[in-house]
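# Residue-level structure breakdown
The primary structure of each chain is shown beneath.
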Amino acid sequence: MFNLILFGPPGSGKGTQSDNIVAKYGLVHLSTGNLLREEIAQKTPLGIEAKSFMDKGQLVPDEVVIGMVDSYFEKHKNAVGFLFDGFPRTLAQAKALDSLLELKKNEIAAVLALEVSEEELVKRLLNRGITSGRSDDINEDVIRKRFAVYSNETKPVAEHYKKLKKYHSIKGEGTVQEIFNFICEAIDKKLNLM
Ligand code: AP5
Ligand code: MG
């Protein structure tokens, strides 16, 4: 299996680039944000609980998210690899992911981190909020809250993978195609080493 984490703050282009990556490399896309929004749309108990956190820009509790990821693995037993988008977002999630993969005699090949300035991120998210219907995109306070959560709770995940020498920074500003080219370069380099 070839497993990648696409890492970066809210609005850095994880979802956009994930579509391109899975189309080219045949990985299974695992976006915890998308899975949670599906639960909300279906009004499941998990979705109802998650919504109260998401609307405020806070993280959904680790055990809820890890449980969801575990059952996604069960549903995709024959995957050639996963592309993780928006997960892991806390150190506890990163450690749980490492253990789940270890059970399958697998690991994360690389963490690709999209670097984008905060000014550009706010612009992108407010712009997306006009059409996306995402309740966490409409209010600038909620967007700023998501950045604060990213700094406090998600940055330690970057440190974790830096220590393991798996972390690669990618320039996240420019056209979608330019950024995709940088990502492909990093992936191909990794694949050639395997
Ligand atoms: P999640 O859905 O993961 O959202 P996020 O991390 O806040 O990131 P976004 O989806 O907002 O941005 P993105 O990086 O995907 O960028 P996109 O490609 O859309 O999480 C939402 C919430 O769910 C969290 O706040 C939390 O509550 C909960 N949650 C999810 N996962 C969790 C977890 N693991 N643990 C706990 N809670 C969890 O691009 C953004 C916009 O910019 C788009 O309009 C796009 O068209 C545009 N754009 C993209 N690329 C470019 C470019 N190069 N130039 C110009 N515009 C661009
Ligand atoms: Mg996204």
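In what follows, the accompanying structure is described. (Residues numbered from 1 in each chain as written. Chains lettered and ligands numbered in written order. Predicted model: local features only at pLDDT ≥ 70, side-chain atom pairs only at ≥ 80, totals over all residues. Heavy atoms only, no water.)

## Quick look at the overall build of the chain
Formally: For the purposes of this entry, the term helix denotes a DSSP run of H or I that reaches at least four residues, the term strand denotes a run of E that reaches at least two, and both are numbered from the N terminus. Radius of gyration: C-alpha atoms only; globule rule: 2.2 Å multiplied by the number of residues to the exponent 0.38. Throughout, exposure labels follow a simple rule: accessible area from a 1.4 Å probe, protein chains only, divided by the maximum for the residue type, with under 20% read as buried, over 50% as exposed, and the rest as partly exposed. Contact definition: two residues touch when any of their heavy atoms are within 4.5 Å.
Tallying secondary structure elements over the chain gives eight helices and five strands in all. Listed N to C, the secondary structure of the chain is β-α-β-α-α-α-β-α-β-α-α-β-α in terms of helices and strands. Taken against the 2.2 N^0.38 rule, which gives 16 Å for 194 residues, the C-alpha radius of gyration of the chain at 16 Å falls within 12% of a compact globule. Seen through its principal axes, the chain has C-alpha atoms that stretch 45 × 40 × 30 Å. Taking all 194 residues of the chain together, the buried fraction comes to 48%. When contacts within the chain are restricted to residue pairs at least 6 apart in sequence, those whose partners lie at least 24 apart make up 74%.

## Focus: the site of ligand 1
This is how it is decided: Here a residue is considered near a molecule or strand provided that any single heavy atom belonging to it is located within 4 Å of it. Definition of a polar contact: a pair of N or O atoms within 3.5 Å, with one able to donate and the other able to accept a hydrogen when the atoms are protein atoms, and with sequence-neighbouring residues admitted only if both atoms are side-chain atoms. What sets the accessible areas is the Shrake-Rupley method with a 1.4 Å probe; for residues, cover comes only from the shown protein chains. Lining residues are defined by having an atom within 4 Å of a point belonging to a cavity or pocket. Those points lie on a 1 Å grid over the protein atoms alone, cavities being sets where a 1.4 Å probe fits but cannot get out and pockets being open sets with protein on both sides within 12 Å along at least five of seven lines. Placement in a cavity or pocket follows one criterion, namely that more than half of the molecule's atoms lie within 2 Å of its grid points. The classification used treats Ala, Val, Leu, Ile, Met, Phe, Trp, Tyr, Cys and Pro as nonpolar, Asp, Glu, Lys and Arg as charged, and all other residues, Gly among them, as polar.
Looking at ligand 1, there are 31 residues lining it, with Thr16, Thr32, Gln58, Arg89 and Arg128 nearest. Note that an oxygen atom of ligand 1 is positioned 3.3 Å from one of the backbone N or O atoms of Ser12. Within the side chain of Arg128, a nitrogen or oxygen atom sits 2.6 Å from an oxygen atom of ligand 1. For ligand 1, the accessible surface in isolation is 1,000 Å², of which the surrounding protein chains cover 86%. In a pocket analysis with a 2 Å cut-off to the grid points, ligand 1 is assigned to the largest pocket. Residue assignment for the shell around ligand 1 shows that the elements contributing at least two residues are α1 (14-25), α2 (32-41), α6 (118-132) and α8 (176-193). Counted by class, the shell around ligand 1 contains 11 nonpolar, 12 polar and eight charged residues.

## Here we look at the packing of helix α5 (residues 91-103) against helix α7 (residues 140-163)
As a reminder of what qualifies: All axes are obtained by fitting lines to C-alpha atoms, using only the stretch in contact for helices, and the reported angles, taken between N-to-C directions, cover 0 to 180 degrees. Angle categories: roughly parallel below 35 degrees, roughly antiparallel above 145, roughly perpendicular from 65 to 115, and oblique for all the rest.
Between α5 and α7, whose axes approach to 8 Å, the crossing angle comes to 40°. With respect to α7, the element α5 is oriented oblique. When α5 is examined against α7, the residues Leu91, Ala94, Lys95, Leu97 and Asp98 are found in contact with a partner set consisting of Glu153, Pro156, Val157, His160 and Tyr161.

## Some points on the packing of α1 against α8
Short version of the rule: If you view the pair so one helix is near and one far, a crossing is left-handed when the near helix is turned anticlockwise from the far one by less than a right angle, and right-handed when it is turned clockwise.
The N-to-C vectors of α1 and α8 enclose an angle of 45°; their axes lie 10 Å apart at closest approach. Taken together, the axes of α1 and α8 are oblique relative to one another. Relative to α8, the crossing made by α1 is right-handed. Of the residues in α8, those touching α1 at Thr16, Gln17, Asn20, Ile21, Lys24 and Tyr25 are Val176, Ile179, Phe180, Ile183, Cys184, Ile187, Asp188 and Leu191. Here the residues of the contact of α1 with α8 are counted per class, giving nine nonpolar, three polar and two charged.

## Focus: the nonpolar core
The condition that has to hold: What we call a nonpolar core is a set of buried Ala, Val, Leu, Ile, Met, Phe, Trp, Tyr and Cys residues that are connected through their side-chain atoms within 4.5 Å.
With 31 residues, the main nonpolar core has Phe7, Phe73, Phe84 and Leu97 as its most contacted residues. In terms of residues, this core owes the most to one element, helix α4 (residues 62-75), which gives six residues. Apart from the residues lying within four places of it in its own chain, the contact partners of Phe84 are Asn3, Leu4, Ile5, Leu6, Leu30, Phe73, Leu97 and Ile108. By size, the runner-up hydrophobic cluster in this structure holds 19 residues, among which are Phe2, Ile21, Leu27 and Phe180.

## A word on α6
Filter applied, for reference: What a helix is expected to span follows from its residue count: subtract one and scale by 1.5 Å. The directions from the helix axis to the C-beta atoms are what the arc is built from.
Over its 15 residues, α6 extends 20 Å from the first C-alpha to the last, a length consistent with the 21 Å expected when each residue adds 1.5 Å. If you check which residues of α6 are buried, you get Leu121, Val122, Leu125 and Gly129. Around the axis of α6, the buried residues are gathered within 95° of arc, so they sit on the same side. Turned more than 90 degrees away from the buried face of α6, the exposed residues are Glu119, Lys123, Asn127, Ile130 and Thr131. At its buried positions, α6 is contacted by α7. The positive-phi residue at the C-terminal boundary of α6 is Gly133, with phi of around 75°.

## Brief notes about the side chain of Thr32
On the secondary structure map, Thr32 appears in helix α2. Looking at Thr32, the relative accessible area reads 4%, which means it is buried.

## Re the packing of aromatic side chains
How we decide: Two aromatic rings from Phe, Tyr or Trp, using only the six-membered ring of Trp, form a pair when their centres are within 6.5 Å; if the ring planes differ by under 30 degrees the pair is stacked, by over 60 it is edge-to-face, and anything between is tilted.
On inspection of all chains with the given rule, the structure shows six aromatic pairs. Pairing Phe7 with Tyr150 gives two aromatic rings, centres 6.0 Å apart and planes at 45°, and the pair type is tilted. With Phe7 in strand β1 (residues 3-7) and Tyr150 in helix α7, this residue pair connects regions lying 143 residues apart in the sequence. For the pair Phe7 and Tyr150, a shared accessibility class is recorded, and that class is buried. A network of ring pairs unites the aromatic residues Phe73, Phe82, Phe84 and Phe87 as a single cluster.

Without other data, these values stay purely geometric and don't point to any function.
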